[in-house]
Structure formats: C-alpha cells, structure tokens
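Here's the letter readout for the chains.
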Amino acid sequence: MEHKPGHLVKSGTLHKLASEANIHKASSNPNNTRASALILSKRAEGMTFDQIASLLNSSKFTASEGGHFTATQVWRLYKRMTSSGAGRFKRAVPPCLVL
C-alpha cells in the first residue's frame, strides 16, 4: 500500500506510535520503577503530588531523563500504576494543578 506524505500524521498512526513508545520507555525506566513504590505508599498516607515530588527530589531520586521530579510527573506515574485499560490514557488535569 502506497502512503502519501502526511498520511501517518493525518491518520493519527504516528501519534499513537509515539504515545506507545513513551509509555513503554516510562514504564521500563529504572528511575521510575524505584520511585513507584514510594509514590504509592505516600499517596496512601495522604501526601499531595507536590509533597511527594519534593520528597523524591530530596531523597536523590531522579526523573526518567535525570532531572528533578515535578508534581505532574508524579501524578502521571501514579495514574499509570493505579489505572487500567483505556482509562489510563484519558487526559485530565492533575489535582495539583487545579486552582
């Protein structure tokens, strides 16, 4: 089958492939794996995503690209760990960003 330029972008295929690659990269990252247990534990204790991000950073955890954790990154990891099926890919505003 011959593809015209832009076909992958218009059909959403390229976006889907990129999204799947990012999810795989994040889930297999050792930094994220190490942080996951702490995130679940601290959320169960009632800590906010911002507080957990601060705790991870002060405990010398690093985010997937080697930088500092933000509340949004913690929220995304938490959602991936606690959601299943298509629901985990729904876009929502992280609770830490709601005014």
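The structure contained in this document is the topic of the report that follows. (Residues numbered from 1 in each chain as written. Predicted model: local features only at pLDDT ≥ 70, side-chain atom pairs only at ≥ 80, totals over all residues. Heavy atoms only, no water.)

Check the secondary structure of the protein and you find 5 helices and 0 strands. When burial is assessed residue by residue, the protein has 24% of its 99 residues classed as buried. Excluding contacts between residues fewer than 6 apart, the proportion of contacts in the protein whose partners are at least 24 apart in sequence is 46%. Of the roughly 7,100 Å² of accessible surface on the protein, a fraction of 56% belongs to carbon and sulfur atoms. (Helix = DSSP H or I, 4+ residues; strand = E, 2+ residues; numbered from the N terminus. Buried < 20%, exposed > 50% of the residue type's maximum accessible area, 1.4 Å probe, protein only. Contact = heavy atoms within 4.5 Å. Areas by Shrake-Rupley, 256 points an atom, 1.4 Å probe, with all protein chains shown as cover.)

Turning to unusual backbone geometry, a few remarks are in order. Glycine aside, negative phi is the norm for most residues, and most peptide bonds take the trans geometry. Positive phi values are uncommon outside glycine, yet Lys60 reaches one of about 70°. Its place among the elements puts Lys60 in the loop between helix H4 (49–58) and helix H5 (71–82). A relative accessible area of 68% means that Lys60 is categorised as exposed.

Tallying each qualifying case throughout the model produces 1 salt bridge. A salt bridge links Lys42 to Glu45, with the shortest nitrogen-to-oxygen separation between them at 3.4 Å. On the basis of relative accessible area, Glu45 is assigned to the exposed category, the value being 53%. (Salt bridge = Lys/Arg side-chain N within 4 Å of Asp/Glu carboxyl O.)

A pair of packed helices can be characterised by two numbers: the angle between their axes and the separation between those axes. Relative orientation of the contacting elements helix H3 (residues 30–44) and H5 amounts to 85°, with a least axis distance of 10 Å. For the element pair H3 / H5, the angle class is roughly perpendicular. Across the interface between the two elements, Asn32, Ser36, Ile39, Leu40 and Arg43 from H3 touch Val74, Leu77, Tyr78, Met81 and Thr82 from H5. Here the residues of the contact of H3 with H5 sort into 6 nonpolar, 3 polar and 1 charged. (Axes fitted to C-alpha atoms, helices over the stretch in contact; angles between N-to-C directions. Parallel < 35°, antiparallel > 145°, perpendicular 65-115°, else oblique. Nonpolar A, V, L, I, M, F, W, Y, C, P; charged D, E, K, R; others polar.)

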